[in-house]
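# Coordinate inspection notes
Now for the letters of each chain:
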Amino acid sequence: MNRRNFIKNSAVAATVLPAIGIPTIVPATVFGKNAPSNRITVGLIGTGRQGYGQNLQGSNLSTLGVRIPGLLDVPDAQVTAVCDVDSWRMNKAKTAIESHYAKKTAGGSYKGCSTHRDFREIIARKDIDAVMISTPDFWHVPMGILAAKAKKHISCEKPLSMSVHQGRSLVDALKKYGRTGVPIVDRTDSEFRSIRPQNQAVELVRNGRIGTLQKIEISFPSDPPPVPAQADMPVPKELDYDLWLGPMPYVPYTDMRVHTPFDLNKRPNWMRIDTYAQGMIANWGAHYFDMAQWANNSEYSGPVEVEGKGEFPKSLWNSMINFTVTYRYANGVEMTCLQSPTSTPSIKYIGSEGWILVDNYPGVLSASNPAILTSKPSGNELDLSKTLWDKVDFVEAIKTGRKTLEPIEVGHRTISISQIGLIACQIGGKLNWNPEKELFVGNNAANALLAAPLVRKEWAI
């Protein structure tokens, strides 16, 4: 990369933006191969439950005896800046980052992580190579497009967008701004492709171990009961609520709309409100539809038919619940998904010669014939046993210039399945879908729901 090559060849140290705490950049010869100048510098945008926990610090999958690495676990990455509209969360992340890097310095001290309330400050910084977007869903596309325009490498949380048109606009922006100079590396951030029970099932299906794939059955986790309308509350002093709302319309604050203050463990409340997210069909659909598309070898396309029904609560938490949706592909594969008050996560692949079930999270494998699960790839068959974890994959792709395991185009195609399923439940009846044109065939009412325009015009990208 041009910036890094300059640093490596420089004979003198350069100090960059010391006023906001960016560490001094010195020649690589001072530190060796692990010098900060050799690392991919990352700005973390969003430090809530997912950003602070999974994306920054990683997690342990005790049932599998493995660890999902966070950015702090990746030696070739260095988190140099964090951003959040909640200052308590942001400062927790800063403390964790500086404490982690301090343990790796001879003097036991490190103060090289800056804080930013406004994400545009991180995107504008020339010394940051990549951004990890870990914000509420409605912010993903506006932030992603601005980051693409600034030629930042982008890892973006799923669900990737709030509409089919939104997702396509992000993909188009990556193509537009990544055509010249250093290519933009992009990734839909999801660990599922790297979890062995999940990708082993895909591997076995793609390698024909259950014959011809005929059906995919998905069950999503149940939701807690919807929360009714809440009384207005004072905005916590730690929260910039207006910037949290960003492109969405102004409504009075209540923590049941945003997130529980001073808590990084609870599921955020915005995930159940259709202004800010699209409920479980998108939240877990981002995982299971991705695996289904991968297994069906249709990750750059989609189904051709969809129908479904679901419940839409008349409450503050109003995202769709208790739904059943059926999709059909041009190759004859049928995919069903459901959620009920007692459902648990699972995905089952049914073929002409058997079936494979991945039950619960992170996944327990079973099959119609146990011998299926001991089958190993041979010759040119797909082998996913050495798949990199998501953060490692992202950083390695930046270093080598290759594609990531789940490019944003794939993440867009995945979440489009959630979105057309949601529309089918809203419209009722059977809808025909053209995955190449990304339009419903002969249904203007359904096509009108493919866009999610930004309400506050100052955030139109």
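See above for the structure.
Our subject in this report is the structure included herewith. (Residues numbered from 1 in each chain as written. Predicted model: local features only at pLDDT ≥ 70, side-chain atom pairs only at ≥ 80, totals over all residues. Heavy atoms only, no water.)

## Things to note about the overall build of the protein
A count of helical and extended segments in the protein gives 13 helices and 17 strands. Seen along its three principal axes, the alpha-carbon backbone of the protein occupies a region of about 65 × 60 × 40 Å. Here the contacts in the protein between residues at least 6 apart in sequence split such that 70% fall between residues at least 24 apart. As displayed, the protein has an accessible area near 19200 Å², and 54% of this comes from carbon and sulfur atoms. (Helix = DSSP H or I, 4+ residues; strand = E, 2+ residues; numbered from the N terminus. Contact = heavy atoms within 4.5 Å. Areas by Shrake-Rupley, 256 points an atom, 1.4 Å probe, with all protein chains shown as cover.)

## Focus: the sheet that holds strand E14 (residues 354-359)
Here we have nine strands laid out as an open sheet, ordered E15-E14-E13-E9-E12-E11-E10-E16-E17, and mixed in their pairing. Every other strand in the sheet has two partners, leaving strand E15 (364-367) and strand E17 (439-440) as the edge strands with one partner each. In this structure, strand E11 (residues 321-328) lies alongside strand E12 (residues 334-338), joined through five bridges in antiparallel fashion. Bridge assignment links Thr324 to a residue of E12, and that residue is Leu338. (Pairing = 2+ DSSP bridges.)

## Focus on helix H2 (residues 49-57)
Looking at H2, one finds that the buried residues are Gly51, Tyr52, Gly53, Gln54, Asn55 and Leu56. The positive-phi residue at the C-terminal boundary of H2 is Gly58, with phi of around 75 degrees. (Buried < 20%, exposed > 50% of the residue type's maximum accessible area, 1.4 Å probe, protein only.)

## Some thoughts on the pattern of salt bridges
Throughout the structure, instances matching the rule amount to 29 salt bridges. Linking Arg120 and Asp118 is a salt bridge whose minimum nitrogen-to-oxygen distance equals 2.6 Å. Taking the relative accessible area as the measure of exposure, Asp118 reaches 11% and is therefore buried. Ionic pairing is found between Arg125 and Asp127, a salt bridge with its closest N-O pair at 2.9 Å. Taken individually, Arg125 and Asp127 each receive the classification buried, so the pair is uniform in this respect. When salt bridges that share partners are traced, they join Lys215, Glu217, Glu305, Glu307, Arg328, Glu334 and Lys430 into one network. (Salt bridge = Lys/Arg side-chain N within 4 Å of Asp/Glu carboxyl O.)

## Structural notes on the packing of aromatic side chains
Under the defined criterion, the tally for this structure stands at 20 aromatic pairs. On the numbers, 5.5 Å between centres and 85 degrees between planes, the contact of Trp88 with Phe262 is edge-to-face. One end of the pair, Trp88, is in helix H3 (residues 87-102); the other, Phe262, is in the loop between helix H8 (241-245) and helix H9 (280-283), with 174 residues separating them in the sequence. Classification of Phe262 by relative accessible area gives partly exposed; the value is 46%. Ring centres of Phe138 and Trp244 lie 5.4 Å apart, and the angle between their planes is 70 degrees; on these two criteria the pair is classed as edge-to-face. Pair noted here: Phe138 is in the loop between strand E6 (130-133) and helix H5 (140-149) and Trp244 is in helix H8, with a separation of 106 residues, a long-range link. A residue is classified by how much of its surface remains accessible, and Phe138, at 1% relative accessible area, is buried. Exposure remark for Trp244: the relative accessible area of 3% places this residue in the buried category. Arg193 extends its terminal NZ or CZ atom over the ring of Trp294, reaching a point 4.2 Å from the ring centre. (Phe/Tyr/Trp six-rings, centres within 6.5 Å; stacked < 30°, edge-to-face > 60°. Lys NZ or Arg CZ within 6 Å of the ring centre and 35° of its normal.)

## Observations concerning the pairing of strand E7 (residues 153-157)
In terms of burial, E7 is largely enclosed, as five of its five residues are buried. Burial of the side chains of E7 extends over both faces: His153, Ser155 and Glu157 are buried on one face and Ile154 and Cys156 on the other. In this sheet, E7 lies alongside E6 in parallel orientation, the contact comprising four bridges. In the sheet register, Ile133 faces E7, and the bridge partner there is Cys156. Of the crossover connections in this fold, the one passing from E6 over H5 to the parallel E7 is right-handed. (Right-handed = clockwise from strand over helix to strand, strands pointing away.)

## Digging into the sheet that holds strand E1 (residues 40-45)
On the basis of which strands lie adjacent, the open sheet formed by six strands has the order E5-E4-E1-E6-E7-E8 and parallel pairing. Strands with a single pairing partner mark the edges of an open sheet, and in this sheet they are strand E5 (114-116) and strand E8 (186-189). Pairs of neighbouring strands in the sheet enclose a mean axial angle of 25 degrees, with direction left out of account. Pairing of E1 with strand E4 (residues 77-83), which is carried by six bridges, proceeds in the parallel orientation. Paired with Val42 across the strands is Val79, a residue of E4. The strands touched by helix H12 (residues 408-427) within the sheet are E7 and E8, with E8 carrying the most contacts at an inclination of about 40 degrees. (Axes fitted to C-alpha atoms, helices over the stretch in contact; angles between N-to-C directions.)

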